[in-house]
Amino acid sequence: MRQTKAKPKTERADILRALKLAVVEGATWRYDHLVNLALAAGASDEEIDEVAAHAIQALLTGAEQPLTA
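Residues numbered from 1 in each chain as written. Predicted model: local features only at pLDDT ≥ 70, side-chain atom pairs only at ≥ 80, totals over all residues. Heavy atoms only, no water.

**Some thoughts on helix α3 (residues 45-63)**
The terminal C-alpha atoms of α3 lie 27 Å apart, and with 19 residues this matches the ideal 27 Å at 1.5 Å per residue to within 8%. What α3 keeps buried is the set I48, V51 and A55. The buried residues of α3 all sit within an arc of 60° when viewed along its axis, so they share a single face. Opposite its buried face, α3 presents the exposed residues E46 and D49, each directed more than 90 degrees away. (Helix = DSSP H or I, 4+ residues; strand = E, 2+ residues; numbered from the N terminus. Expected span 1.5 Å × (residues − 1). Buried < 20%, exposed > 50% of the residue type's maximum accessible area, 1.4 Å probe, protein only. Arc of directions from axis to C-beta.)

What follows is the structure, encoded as structure tokens:
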């Protein structure tokens, strides 16, 4: 079966999503592995930094939400 161009893009997107989730979850033990996978899938340092920044922003936004009415 011939591999399409979309497969590497999908794989990279999936890995970057997993990295973002790991940051949000605080799963620091997964960072190095996921960053290395993202780089191997063709993600740039800038893309990885952007994913991490978005995850941190999501954490900060969630922290500002009141827990009670």
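**A short note on helix α2 (residues 28-40)**
In this model α2 runs 19 Å from its N-terminal to its C-terminal C-alpha over 13 residues, within 8% of the 18 Å that 1.5 Å per residue would give. Immediately downstream of α2, the backbone of G42 shows phi near 100°, a positive value.

**Let's talk about the pattern of salt bridges**
Should their charged atoms come close, side chains of opposite charge can pair. In this structure the tally under the stated criterion is three salt bridges. Between E47 and R12 there is a salt bridge; the shortest N-O distance is 3.8 Å. One end of the pair, E47, is in helix α3; the other, R12, is in helix α1 (residues 6-25), with 35 residues separating them in the sequence. Take E47: its relative accessible area is 28%, and that puts it in the partly exposed class. (Salt bridge = Lys/Arg side-chain N within 4 Å of Asp/Glu carboxyl O.)

**Structural notes on the nonpolar core**
It is characteristic of soluble globular proteins that their nonpolar side chains tend to be buried jointly. Grouped together as the largest cluster of nonpolar side chains are 13 residues, with contacts concentrated most on L16, L19, A38, A43 and I48. Those elements giving two or more residues to this core turn out to be α1, α2 and α3. Element by element, the count of residues in this core is highest for α1, at five residues. Leave out the neighbours within four places in its chain, and L19 touches Y31, L34, V35, I48 and V51. (Core = buried A, V, L, I, M, F, W, Y, C linked by side-chain atoms within 4.5 Å. Contact = heavy atoms within 4.5 Å.)

**A few points about the packing of aromatic side chains**
Counted by the stated rule, this structure contains zero aromatic pairs. Taking NZ or CZ as reference, R30 lies 5.9 Å from the ring centre of W29, over its face. (Phe/Tyr/Trp six-rings, centres within 6.5 Å; stacked < 30°, edge-to-face > 60°. Lys NZ or Arg CZ within 6 Å of the ring centre and 35° of its normal.)

**Some remarks on the confidence of the model for the protein chain**
Residues at a pLDDT of 70 or more form 88% of the protein chain, whose mean pLDDT is 86. Looking at the elements of the protein chain, mean pLDDT is at its lowest for α1, recorded as 88, and at its highest for α2, recorded as 93. (pLDDT = per-residue confidence, 0-100.)

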